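Observations on the model geometry
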Amino acid sequence: MARGAFITIEGGEGAGKSTQARRLVVWLERQGLRAVATREPGGTPTGEQIREIVMHRGPEAWHPLTETLLFFAARREHLDRVILPALAAGRWVVCDRFADSTMAYQGYGAELGPEPIAALYDLVVGAIKPDLTLILDLPLAVARRRLKRRAGASDRFERRRRAFHERVRAGFLAIAAHEPKRCSVIDATQPADAVAAAIERAMRRKFGRRFAGGRA
Ligand code: T5A
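In what follows, the accompanying structure is described. Keep in mind that what you see is a predicted model, and the values were worked out from it rather than measured.

**As for the overall build of the protein chain**
- Helix and strand counts for the protein chain come out as nine helices and five strands.
- Listing the helices and strands of the protein chain from first to last along the sequence gives β-α-β-α-α-β-α-α-β-α-α-α-β-α.
- The C-alpha atoms of the protein chain give 17 Å as radius of gyration, which agrees with the globular expectation for 216 residues (17 Å, within 12%).
- Within the protein chain, buried positions represent 47% of all 216 residues.
- Considering only residue pairs separated by 6 or more positions, the protein chain has 75% of its internal contacts joining residues 24 or more positions apart.
- Entry remark: accessible area of the protein chain is about 10900 Å², with carbon and sulfur atoms responsible for 54%.
- Side-chain charges of the protein chain comprise 37 positive and 24 negative groups, with the mean position of each set lying 6 Å from the other.

**A closer look at the site of the ligand**
- Among the 27 residues in the neighbourhood of the ligand, the closest are listed as Lys17, Ser18, Thr19, Arg97 and Thr102.
- Contact between the ligand and Ala15: an oxygen atom at 3.1 Å from a main-chain N or O atom of the residue.
- In the environment of the ligand, an oxygen atom lies 3.3 Å from a nitrogen or oxygen atom belonging to the side chain of Arg75.
- Notes on the ligand: free accessible area 1000 Å², of which the protein chains cover 84%.
- Residue assignment for the shell around the ligand shows that the elements contributing at least two residues are helix H1 (17-30), helix H2 (45-55), helix H3 (64-88), helix H4 (99-109) and helix H6 (140-149).
- A breakdown of the residues in the shell around the ligand according to their chemical character gives eight nonpolar, nine polar and 10 charged.

**Side note on the pairing of strand E4 (residues 132-137)**
- With six of its six residues buried, E4 lies for the most part within the structure.
- Of the two faces of E4, both are covered, the one formed by Leu132, Leu134 and Leu136 as well as the one formed by Thr133, Ile135 and Asp137.
- Bridge analysis of strand E1 (residues 6-11) against E4 gives five bridges, and the strand direction is parallel. When the bridges of E4 are listed, Gly11 appears paired with Leu136.
- Inspection of the sheet shows E4 paired to strand E5 (residues 183-187) by five bridges, in the parallel sense. If you follow Leu136 over to E5, its bridge partner there is Ile186.

**Focus on the environment of Pro116**
- For Pro116, the location among the structural elements is in helix H5 (residues 114-124).
- By relative accessible area, Pro116 is classed as partly exposed at 27%.
- Expressed as a C-alpha distance, the spacing of Pro116 and Arg51, which sit 65 residues apart in the sequence, is 21 Å.

**Thoughts on the nonpolar core**
- Core analysis: the largest hydrophobic core is formed by 28 residues, its most contacted members being Ile7, Leu24, Leu28, Trp92, Leu134 and Met203.
- Of all elements in the fold, only E1, H1, strand E3 (92-96), E4, H6 and helix H9 (192-207) reach the threshold of two or more residues within this core.
- With six residues, the top contributor of residues to this core is H9.
- The residues contacting Leu134, other than those within four sequence positions of it, are Ile7, Thr8, Ile9, Glu10, Leu24, Ser184, Ile186, Ile199 and Ala202.
- Grouped together as the second largest cluster of nonpolar side chains are 26 residues, Leu79, Ile83, Leu120 and Ile135 included.

Thresholds, definitions, all that
- Residues numbered from 1 in each chain as written.
- Predicted model: local features only at pLDDT ≥ 70, side-chain atom pairs only at ≥ 80, totals over all residues.
- Heavy atoms only, no water.
- Helix = DSSP H or I, 4+ residues; strand = E, 2+ residues; numbered from the N terminus.
- Rg over C-alpha atoms; globule rule 2.2 N^0.38 Å.
- Buried < 20%, exposed > 50% of the residue type's maximum accessible area, 1.4 Å probe, protein only.
- Contact = heavy atoms within 4.5 Å.
- Areas by Shrake-Rupley, 256 points an atom, 1.4 Å probe, with all protein chains shown as cover.
- Lys, Arg positive; Asp, Glu negative; His and termini not counted.
- Charge placed at Lys NZ, Arg CZ, Asp CG, Glu CD.
- Near = heavy atom within 4 Å.
- Polar contact = N/O pair within 3.5 Å; in protein donor to acceptor, adjacent residues only side chain to side chain.
- Nonpolar A, V, L, I, M, F, W, Y, C, P; charged D, E, K, R; others polar.
- Pairing = 2+ DSSP bridges.
- Core = buried A, V, L, I, M, F, W, Y, C linked by side-chain atoms within 4.5 Å.

And the structure:
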């Protein structure tokens, strides 16, 4: 059986990752492929517990390495229990955030630096890499407006300083520049349909032959 493909969707808060992850799974299924959507932090019962700890922690400040270790702990479980079995069973895995988020948020945003993140990646994830990473890029002002409009809006975005979010955005773009074969930067300021069309084009460029009617 052909191995599935591992696709990650990355970007800052409110960039439209969850919206596009859902749409991409539907699109893949229309191509006759079996697809599964998952997310980080989360994706397994343990991962969801870690998500609760990280996302709903109290006001005390954490060392950025503390949250980095928690994200990687959740990730190892996620790989073993969800991602690798799905790929081995021929499924296409669409993951809303993965290790590039740790590099961008903890490495760049929290200024831990890229080296500890890269070292932990080698230890925890090893040789596994996403086949394609879609980086949804959005200016902060647009992200803030979208998140404020959303029903039940949280203040998570506002709790961090603007400079933090700017470093995160620069971090994602630096990752894309460093690994242009794996990463495709998508202009996320466009309406959701146009973003989905840009993602479909990136998918066809990368995997064309594997889709019904695909070019390549
Ligand atoms: N984190 C995570 C780390 O620090 N390190 C790590 O290693 C990992 C894995 C996770 C938090 O944890 C951090 C990063 C985060 O702070 P999350 O739930 O993944 O949190 O994070 P968010 O990015 O905050 O998720 P959001 O749901 O807020 O953002 P999305 O998924 O990017 O956006 P989405 O699709 O929910 O859309 C947001 C709003 O915009 C609208 C939607 O309808 C929605 O209302 N929208 C659009 N509006 C106009 N045009 C478009 N094209 C639109 N697309 C969506």
